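The residues making up each chain are set out below.
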Amino acid sequence: MLANDPAATISAIAAEAGVDRRTVYRRFASREELLAAIYESRLAAIEEAIEGARLREAPVAVALHRYVEGIIDVNRKWPVELHRMLAEDTVRHRRDRWVQEFDTFLARATDEGLLRSDLPAGWAGLVLPQLMLLAAEQLPQLSAAQAADTVVDTFLRGVGTV
């Protein structure tokens, strides 16, 4: 609901969930506390997807697919507005760590010849998140694995050496 309407009220959220507003307030003292819990759940899911991808030790192509599949799944389960989420310092710092880890992975993918080295610095890291978000939102008929197949194929044909 918050993905469709970031300004949704606690009353509207409670009604959508089929509970009384007081029930929500028993668990979350404020709308901000509810948002913080949602953001924390999304962050934990992203960290789990990154860990599961094994970006440092798995073969590059395998790690890339695992990462993409995991992030598409996160984007579908936790479709919250990211700009508001990233305004919080602790969230931004956690995100910066993932970005650094993924940039290191992309450098490894380039060094191993999977990605082109003639593109502007950082381009692959900017393109891939957009493809994953598009797949999560625009390909709901596909499983996360099938959507990842499409994203990885599109990504590698655009920035890859394939």
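Attention in this report is confined to the structure presented alongside it. (Residues numbered from 1 in each chain as written. Predicted model: local features only at pLDDT ≥ 70, side-chain atom pairs only at ≥ 80, totals over all residues. Heavy atoms only, no water.)

Description of the packing of helix H4 (residues 60–77) against helix H7 (residues 123–138)
As a packed pair, H4 and H7 sit with axes 9 Å apart at the nearest point and diverge in direction by 50°. When the axes of H4 and H7 are compared, the pair comes out oblique. Seen from above, H4 lies across H7 with right-handed handedness. Together, Leu 64, Tyr 67, Val 68, Ile 71, Ile 72, Asn 75 and Arg 76 of H4 and Leu 128, Met 132, Leu 133, Ala 135 and Ala 136 of H7 make up the contact between the two elements. (Axes fitted to C-alpha atoms, helices over the stretch in contact; angles between N-to-C directions. Helix = DSSP H or I, 4+ residues; strand = E, 2+ residues; numbered from the N terminus. Parallel < 35°, antiparallel > 145°, perpendicular 65-115°, else oblique. Left-handed = near helix turned anticlockwise from the far one by under 90°. Contact = heavy atoms within 4.5 Å.)

A look at the packing of aromatic side chains
Within the structure shown, the criterion is met by 2 aromatic pairs. Ring plane angle 20° and centroid distance 4.2 Å describe the contact between Tyr 67 and Phe 102, whose orientation is recorded as stacked. Here Tyr 67, found in helix H4, pairs with Phe 102, found in helix H6 (residues 89–111); they are 35 residues apart in sequence, far enough to count as distant. The exposure classification of Tyr 67 matches that of Phe 102, with both residues buried. Accessibility expressed as a relative area gives 7% for Phe 102, which makes it buried. (Phe/Tyr/Trp six-rings, centres within 6.5 Å; stacked < 30°, edge-to-face > 60°. Buried < 20%, exposed > 50% of the residue type's maximum accessible area, 1.4 Å probe, protein only.)

Structural notes on the pattern of salt bridges
Per the stated rule, a full pass over the model turns up 9 salt bridges. Between Arg 157 and Asp 153 there is a salt bridge, and its shortest N-O distance comes to 2.7 Å. With Arg 157 and Asp 153 both in helix H8 (residues 144–159) and 4 residues apart, the pair spans about one turn of that helix. Arg 157 sits in the exposed class, given a relative accessible area of 59%. Judged by its relative accessible area of 36%, Asp 153 falls in the partly exposed class. (Salt bridge = Lys/Arg side-chain N within 4 Å of Asp/Glu carboxyl O.)

These results come straight from atomic positions and should not be treated as a statement about function.
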